[in-house]
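Observations on chain architecture
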Amino acid sequence: MSNLLAINGSPRGRESNTERLLQPFLAGAREAGATTETIYVTDLKINDCRGCFTCWTSTPGRCVFRDDMLEVLAKIKAADILVLGTPLYHYGMTARLKRLLERTLPLADPHIIKNGDHYTHPGREGDFNSGMVLIANCGFPDRRHFSALEEHMRQLTKDRPERLLASILCAGGEILRHGGPAFDWYLAALHRAGKEIVEQGHLSTETAATLAQELVPVEMYLQMANAYWDSQIKEGNPLGAAETTAEEKNDAPGAIPVAPLADENVTTKNKQPPTATNPTRPGGEPDAGVLPRTCREAVLGMPAAFNPAAAGNLKAVLQISLSGEGGGDYHLVIAGGSCKAFEGRSVEATTTINAPADVWLRIARGELDGAAALMQGLYRVTGDFGLMMRMNELFSGPATGAAAPAPARPAGPLPLPGMAWLSVAFLPWTLNWLGTGLHLNPFSSWVAPALLALAIWLYRRLYNRPTWMDSVTAVYFLVTGLLILAGQNLPGTAADFSGNLFLGATWLATLATEEPLTAAYSRWNYPAGLATNPLFLRTNAIITAVWGEAFLFMALMALGMALIPEQKNLWLVLRYLPLVLAGVFTAWFPNWYPARVAAGGRKAA
Ligand SMILES: Cc1cc2nc3c(=O)[nH]c(=O)nc-3n(C[C@H](O)[C@H](O)[C@H](O)COP(=O)(O)O)c2cc1C
């Protein structure tokens, strides 16, 4: 079993991008059966090597300092694979990591030997056998910046070049702090890398190629990085805001600076993870300490989470006007599969969001649910509301690599879209209405609908999940079908009354559940996250209520017809009127209502 020792050389310690890269790698290694340990230069007190060579002369193999390096040396000796994690500092590893490596001098023998075409010090206890992996990231989006560091690693392992198992170089890694789940694909590749290193001692071509990819296109990176720096210059830098320790202020000779854990006193933990209803952050657990601190950062950072595959050939201009302190005007231009953020207003805006700056920032930070805030009238949306409905998929992360998801449909061999299943659910009823209306035989009117209802329910149970409509229909027709088979007679008006009563009660009863009946069907028309969107659910609750009442009204009309049959024509007109009205309402309402709520015309509860 391999034993991996990772050294995180970033002064940002556990809050570093280095850590974001190291941990998935180590998790992959563990999955392959390795044991792993991470040590942080920020936790260690390690003096500078003072070049006395005591470890080579008076006390061979032992340094004059009795500091944390003693333990580190023991761990390095025990490791099968040493993973060096470092940000790029002035084209090389950090001074702290370098200081630690310099203090490995006791492991080397002072004699100089020729090894092939170069000269070297042999290991004190034989050859250095441990494999090495370099995991580095840097602030520029250009891999060439790593060339000196790569050369450094080559020199460190030149006695046995095969010791350098992999160099994972993440250019523009600074963006990892801002991307959240947008970079899951890269972290997944790191996980694979850890596994491959343990299992086969090198990276597969595919994993190496993925890890060499840009995290985001360079142009976008520059735009985001510069916007970030502008906002930090104005607002103050969160990392710099960490307290400087007394030791760091003390520049007395010999003092060992210990970095504060960056972000420790500025990190805002999310009360509530951003969800699919949060329009400005992709879903998933937020990365504490990387949440936007200003509206400007939040809006100008949105292109980093843009998903071109989800956008397809969408053309839209989203204007975001934020009022109050920290506010400003921005717009996002979405076209040709890309999204660019600009400051200022656009005359071409297709959708406009007007929000108080503090509300928008809380939404962006995942502290407030975007859809719920909209329902409460905390901000307004005018123009094309369809764009708002797509916000979560549009900003779900750039590198999913997937094409725009095909509209989902319930599982199963019948390729019917979600909404079509509502018509299917009505098929037994239609058979029954036709059969009783045309006075067909009881088998056609009752037994056939019962068999059909049962088949629909079983199919839905097998491949998906029956809705309340499916279940109640099956129960109703099984009971009535059995009654008919038992020789009972159900006159048309009684059937009409009981059927509509059953339907109306079922539809209205679903209002007490988490999913009003029509939502169980119409959710298939939208991205998955929308199924829990309060505005979507409320719209569907109203439609479900209208249909539920229409069915109850029809039951009353059936009763009227039974009690006063001489007014048959009147009952017939009144019977079908609510159906027509409910149909017209359903065609109009889902377009009108969400847009009206979004425009601030109505504050939903
Ligand atoms: C002192 C210093 C020197 C840096 N030098 C470079 C550099 O030479 N090239 C580069 O691309 N980024 C450079 N950076 C940026 C860091 O590599 C970058 O911020 C990195 O993402 C930090 O990673 P970490 O969070 O793991 O510490 C430097 C940063 C600092 C603070």
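Given the structure is predicted, the values throughout are model-derived calculations rather than measurements.

Here the focus is the site of the ligand. The environment of the ligand is made up of 16 residues, and the closest members are S10, T18, L88, N137 and E174. Between the ligand and T18 there is a distance of 2.5 Å, counted from an oxygen atom to a side-chain nitrogen or oxygen. N137 places a polar side-chain atom, nitrogen or oxygen, 2.5 Å from an oxygen atom of the ligand. Taken by itself the ligand offers 640 Å² of open surface, and the protein chains cover 80% of this. In the shell around the ligand, the residues fall into six nonpolar, eight polar and two charged.

With that settled, consider the confidence of the model for the protein. The predicted model of the protein has a mean per-residue pLDDT of 84, with 87% of residues at 70 or higher. For the stretch residues 249-289, pLDDT sits under 50, and the model shows 112 contacts to residues farther than four places along the chain or on other chains. Below a pLDDT of 50 lies the segment residues 400-406, which in the model reaches six contacts outside its immediate sequence neighbourhood of four places, other chains included.

Attention now goes to the nonpolar core. Judged by nonpolar contacts, the single largest core of 71 residues is most densely connected at Y379 and F395. Judged by nonpolar contacts, the second largest core, of 35 residues, contains L26, C170, L176 and A225.

The subject of this paragraph is the side chain of S522. With respect to the secondary-structure elements, S522 resides in helix α20 (residues 517-522). Within the local environment of S522, its side chain forms a polar contact with the side chain of N540, the two groups lying 3.0 Å apart. Ignoring any residue separated from it by four or fewer positions in sequence, one finds S522 in contact with M419, F536 and N540.

This paragraph deals with the side chain of T473. Checked against the element boundaries, T473 lands in helix α18 (residues 468-485). Polar contacts involving the side chain of T473 include one to the side chain of W429, which spans 3.0 Å. Apart from the residues lying within four places of it in its own chain, the contact partners of T473 are A425, P428, W429 and A453.

Let us now look at the pairing of strand β6 (residues 131-137). Buried residues dominate β6, accounting for seven of its seven residues. Burial along β6 is two-sided: the face carrying G131, V133, I135 and N137 and the face carrying M132, L134 and A136 are both buried. Sheet analysis places strand β3 (residues 81-87) next to β6, joined by seven bridges and oriented parallel. From the neighbouring strand, G85 faces β6, where its bridge partner is I135. With six bridges connecting them, β6 and strand β7 (residues 164-170) associate as parallel partners. Bridge pairing in β7 links I135 to I168. What joins β6 to β7 is helix α4 (residues 147-156), and the crossover it makes is right-handed.

Reading the values: rules and limits
Residues numbered from 1 in each chain as written. Predicted model: local features only at pLDDT ≥ 70, side-chain atom pairs only at ≥ 80, totals over all residues. Heavy atoms only, no water. Near = heavy atom within 4 Å. Polar contact = N/O pair within 3.5 Å; in protein donor to acceptor, adjacent residues only side chain to side chain. Areas by Shrake-Rupley, 256 points an atom, 1.4 Å probe, with all protein chains shown as cover. Nonpolar A, V, L, I, M, F, W, Y, C, P; charged D, E, K, R; others polar. pLDDT = per-residue confidence, 0-100. Contact = heavy atoms within 4.5 Å. Core = buried A, V, L, I, M, F, W, Y, C linked by side-chain atoms within 4.5 Å. Buried < 20%, exposed > 50% of the residue type's maximum accessible area, 1.4 Å probe, protein only. Helix = DSSP H or I, 4+ residues; strand = E, 2+ residues; numbered from the N terminus. Pairing = 2+ DSSP bridges. Right-handed = clockwise from strand over helix to strand, strands pointing away.

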